[in-house]
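Descriptive structure summary
Listed here are the chains, written in short residue letters.
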Amino acid sequence: MMIAGLLFDVDGVLLDSAATHRRIWNTWSAMRGLDQEWVWSLTHGRRPEDTVRDVAPELDPAAERLILNELMEREGNAFPAAPGAADLLVGLSQNQWAIVTSGSRAPVHQRFKLAGLALPQIQIYGEDVDRCKPHPEGYLKAAELLGVEPARCVVVEDAPHGVRAGKAAGCTVIAIATTHTLEELSEADLSFQDLRAATPSILAMISAV
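Here's a quick rundown of the structure. (Residues numbered from 1 in each chain as written. Predicted model: local features only at pLDDT ≥ 70, side-chain atom pairs only at ≥ 80, totals over all residues. Heavy atoms only, no water.)

1. Topic: the overall build of the chain
- Looking only at helices and strands, one finds nine helices and six strands in the chain.
- Against the 2.2 N^0.38 benchmark of 17 Å for 209 residues, the chain shows a C-alpha radius of gyration of 16 Å, consistent with a compact globule.
- In terms of overall dimensions, the chain has a C-alpha envelope of 50 × 30 × 30 Å along the principal axes.
- Relative to its 209 residues, the chain shows a buried fraction of 53%.
- In the chain, of all internal contacts separated by at least 6 residues, the share reaching a separation of at least 24 is 60%.
- When the accessible surface of the chain is totalled, it reaches about 9400 Å², and 52% of it is carbon and sulfur.
- Distance between charge centroids for the chain: 3 Å, based on 18 positive and 28 negative side chains. (Helix = DSSP H or I, 4+ residues; strand = E, 2+ residues; numbered from the N terminus. Rg over C-alpha atoms; globule rule 2.2 N^0.38 Å. Buried < 20%, exposed > 50% of the residue type's maximum accessible area, 1.4 Å probe, protein only. Contact = heavy atoms within 4.5 Å. Areas by Shrake-Rupley, 256 points an atom, 1.4 Å probe, with all protein chains shown as cover. Lys, Arg positive; Asp, Glu negative; His and termini not counted. Charge placed at Lys NZ, Arg CZ, Asp CG, Glu CD.)

The structure is reproduced here in structure tokens:
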């Protein structure tokens, strides 16, 4: 397989952020009288505003985003790097990879800095697209900016929405089961328990160019 580009999701893939995000959404759900499990199930790979629209359509998504931002600030922005992330990224050149996340630019920059991870030149955030995952817009835009056909890109994801976005973009998708089960990620082309387990396959694909 001739792969020329790697497109990474961020939360649950390069950053170990699931526990913090879960606390934030549980707090917000309790504030709004909503079922925590139901809300959490609708957060992965999505902008907070999109989740709010689905679970509480009577609320103002922009105003609720500010509240969620405040809850995030209380938690702090120190998210540890996912095991194996630093070793994988250090071996990649800037023209080989990109990040595609539903998160926002400033917090992600701060979290990468605190986690000791490098950022690629190509970065796609929630505010950069009109339609977030599972729509393929983010991955298509990243591939275009890398100058690589989507069919020659590998997407690395941890959530079903992200897997579907990568497949819809025409990419090969590797799923890692950090926030979902392997069964929930069955639409991916390859699945692994975590990023470290997936790394040999990722490097083999990119080095085959």
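Anyway, onward from the coordinates.
2. Quick notes on the nonpolar core
- Grouped together as the largest cluster of nonpolar side chains are 42 residues, with contacts concentrated most on Phe8, Leu14 and Trp28.
- Per-element accounting of this core gives the leading share, five residues, to helix α9 (residues 195-207).
- With sequence-adjacent residues up to four places away left out, tryptophan 28 is seen in contact with Leu34, Val39, Val52, Val55, Leu59, Glu64, Ile67, Leu68 and Leu71.
- Ranked by size, the runner-up nonpolar core spans 24 residues in total, among them Ala4, Tyr139, Val148 and Cys171. (Core = buried A, V, L, I, M, F, W, Y, C linked by side-chain atoms within 4.5 Å.)

3. Comments concerning unusual backbone geometry
- Cis geometry is found at the peptide bond from lysine 133 to proline 134, where omega equals 15 degrees.
- Along the chain, proline 134 turns up in the loop between β3 (122-124) and α7 (137-146).

4. Remarks on the sheet that holds strand β5 (residues 172-176)
- Spatially, six strands are ordered β3-β2-β1-β4-β5-β6 in an open sheet, and the strand pairing comes out parallel. Either end of the sheet is taken by a strand with one partner, and the two such strands are β3 and β6 (190-192). With direction set aside, neighbouring strand axes in the sheet form an average angle of 20 degrees.
- Relative to β6, β5 runs parallel, the two being bridged by three bridges. Bridging from a neighbouring strand, isoleucine 174 pairs with leucine 190 of β6.
- Against the sheet, α7 contacts β1 (5-8), β2 (97-100), β3 and β4 (153-157), and its axis sits at roughly 165 degrees relative to β3. (Pairing = 2+ DSSP bridges. Axes fitted to C-alpha atoms, helices over the stretch in contact; angles between N-to-C directions.)

5. Quick look at empty space enclosed by the protein
- Under the criterion given, the structure shown has one cavity of 30 Å³ or more.
- The space that makes up the largest cavity amounts to roughly 70 Å³. (1 Å grid on protein atoms, 1.4 Å probe; cavity = no way out; pocket = protein on both sides within 12 Å on 5 of 7 lines; lining within 4 Å. Points joined across faces, edges and corners; volume = space filled by probe spheres on them.)

6. Concerning the pattern of salt bridges
- This structure, assessed with the given rule, holds twelve salt bridges.
- The salt bridge partner of glutamate 49 is arginine 65, with a shortest N-O separation of 2.9 Å. In this pair, glutamate 49 sits in helix α3 (residues 48-55) while arginine 65 sits in helix α4 (residues 61-75), placing the two residues 16 residues apart along the sequence.
- Look at arginine 65 and you get buried, because its relative accessible area is 15%.
- Among the charged side chains, a salt-bridge network with shared partners connects Asp9, Lys133 and Glu157. (Salt bridge = Lys/Arg side-chain N within 4 Å of Asp/Glu carboxyl O.)

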